[in-house]
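Observations on the model geometry
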Amino acid sequence: MNNRNPNNNARRSNNQQRTGQNQNNPNNQYSRYNQHNQNNQYYRSGQPSNGYRQNPAGYDPYPPVRHRSRRKARQTAFLVVLTVIIMVMLLVSVVIFAARCASGQFTDNETDTASGLITSSQSTTEAVSDTQPPETTAPETTALAANFEYQTMTEADVHKGYLILVNYQNAFTFDTDFVIQPFYGNRNNSYKLRDTLVSLDAYAMDWCNQMMAAFEAETGYHDILVNSAYRTLEEQEEIYSSRVEDYGEEYAKNYVAVPGYSEHHTGLAIDFTIYTDDNESKTFDDMTDYPLWLSENGHRFGYIQRYPGDKVDITKISYENWHYRYVGKPHAYYMKLQNFCLEEYIDDLRNYPYDGHHLMLTDDEGAMWEIYFVAAEGETTEVPVPTDREYTVSGNNVDGFIVTIENGQAS
Ligand SMILES: [Zn+2]
């Protein structure tokens, strides 16, 4: 067969299989027909060979009959599809009616039934969306206010952001967007460093620089020192086991977090000490004015004293007047105002869901903030965010997301 078209290699490779079949049935109609086809225009143009489709005009004995029966079959199929669509639409109407009745019964309930409320409103909006214009058919969890849209957050995002709670119950996932950089080469001259390696998240470091500049300007001291900040898992393991060795496990547990559960893994925590011009090391334990200034002013720069003496029963860490944690300005301000430790604040924020009252704040510098909580719903969560204002979304490292909106300056 190849000899018949020695110059048409492309065609040959395209039709090798068919050609083989024809060789097995040299006498059947298709074979003869295909042989005929190999010489016609359609075939040369590389179209797949099909006995019926490539039949030259008039070769098919009963074309009109076949077309008519096909049309009839199409009409029947169309009617069946139409009937199914009508039945589905009827079913959807019933679902809408049922869902509306259900949500009407539940919307008066308190936050305890929040998950139930979300489920019922979800089925309502999905059903209703079928009768609305296409732009509103995106999956919705709650009714959105006019100047809000959804931002899709993943399960991993629950463990990222400046408000993550890392403590004895909530490990750090080490899956982070923070940019860890050394203080060395990135700090100002208002403070000192233990060594060139001590590092922190870049954004938290910006605020640390501002805090230290204010500290020096307002106290006159320039010998405060960053003793420890970002720690890898290995570094925490080393510190923990050396404390256990020196003081026993009971003591170590009170001051040093179990590896994986230390806030120092986040790159948002700093331990301060003092290193005087006379090369003398001092801890905050020896001083009153250094720790006092930080506890009274840290919130102006988004930092909180993470382990206060009156919260030991909650934090499970002994009083540490040297350990500061970056959480961001409005949050540090509100925690200071309410005397909340981070555990208490993360709990309290669950009282401000998107579809309830938001936490509205005006901080000590007149900046207005709006804060609310959105519970995580599994693999992805649609988090409502404003379209007309600056905002941030942070996971809480437990069960949801905290949205912080900048509402401008109070007049
Ligand atoms: Zn610390």
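Everything in this summary refers to the structure shown in the same document. (Residues numbered from 1 in each chain as written. Predicted model: local features only at pLDDT ≥ 70, side-chain atom pairs only at ≥ 80, totals over all residues.)

Along the backbone of the protein chain there are 13 helices and 14 strands. Counting across all 411 residues of the protein chain, residues that qualify as buried make up 26%. Taking all contacts inside the protein chain whose residues are at least 6 apart in sequence as the whole, residues at least 24 apart take part in 61%. (Helix = DSSP H or I, 4+ residues; strand = E, 2+ residues; numbered from the N terminus. Buried ≥ 20, exposed ≤ 12 C-beta atoms within 10 Å, placed from the backbone. Contact = placed C-beta atoms within 7 Å.)

In this section: unusual backbone geometry. Its identity is not glycine, yet asparagine 339 carries a phi of approximately 55 degrees, on the positive side. Within the secondary structure, asparagine 339 is located in the loop between α12 (329-338) and α13 (342-349). Take asparagine 339: there are 10 C-beta atoms within 10 Å of it, and that puts it in the exposed class. Although it is not a glycine, asparagine 397 adopts a positive phi angle of roughly 70 degrees.

What follows deals with α12. An α-helical turn contains 3.6 residues, so any two residues separated by three or four positions project in the same direction. Regarding α12, the residues found buried are Lys329, Pro330, His331, Ala332, Tyr333 and Tyr334. On the buried face of α12, the contacting elements are β8 (303-307), α13, β10 (359-362), β11 (367-375) and β14 (400-409). Positive phi appears at asparagine 339, one or two residues downstream of α12, with a value of about 55 degrees.

Next up on the list: the packing of helix α7 (residues 202-219) against helix α10 (residues 289-297). Interhelical geometry of α7 versus α10 gives an angle of 125 degrees and a closest axis separation of 11 Å. Comparing their axes, α10 and α7 come out oblique. The two elements α7 and α10 cross, and the hand of that crossing is right-handed. Contacts between α7 and α10 pair Ala214, Phe215, Glu218 and Thr219 from the former with Asp289, Trp293 and Asn297 from the latter. (Axes fitted to C-alpha atoms, helices over the stretch in contact; angles between N-to-C directions. Parallel < 35°, antiparallel > 145°, perpendicular 65-115°, else oblique. Left-handed = near helix turned anticlockwise from the far one by under 90°.)

Moving on, we get to the sheet that holds β10. The strand order β10-β11-β14-β13 describes an open sheet built from four strands, whose pairing is antiparallel. The sheet terminates laterally at β10 and β13 (391-395), the two strands that pair on one side only. For this sheet the average axis-to-axis angle between neighbouring strands, irrespective of direction, equals 20 degrees. Here β11 pairs with β14 via eight bridges, running antiparallel. (Pairing = 2+ DSSP bridges.)

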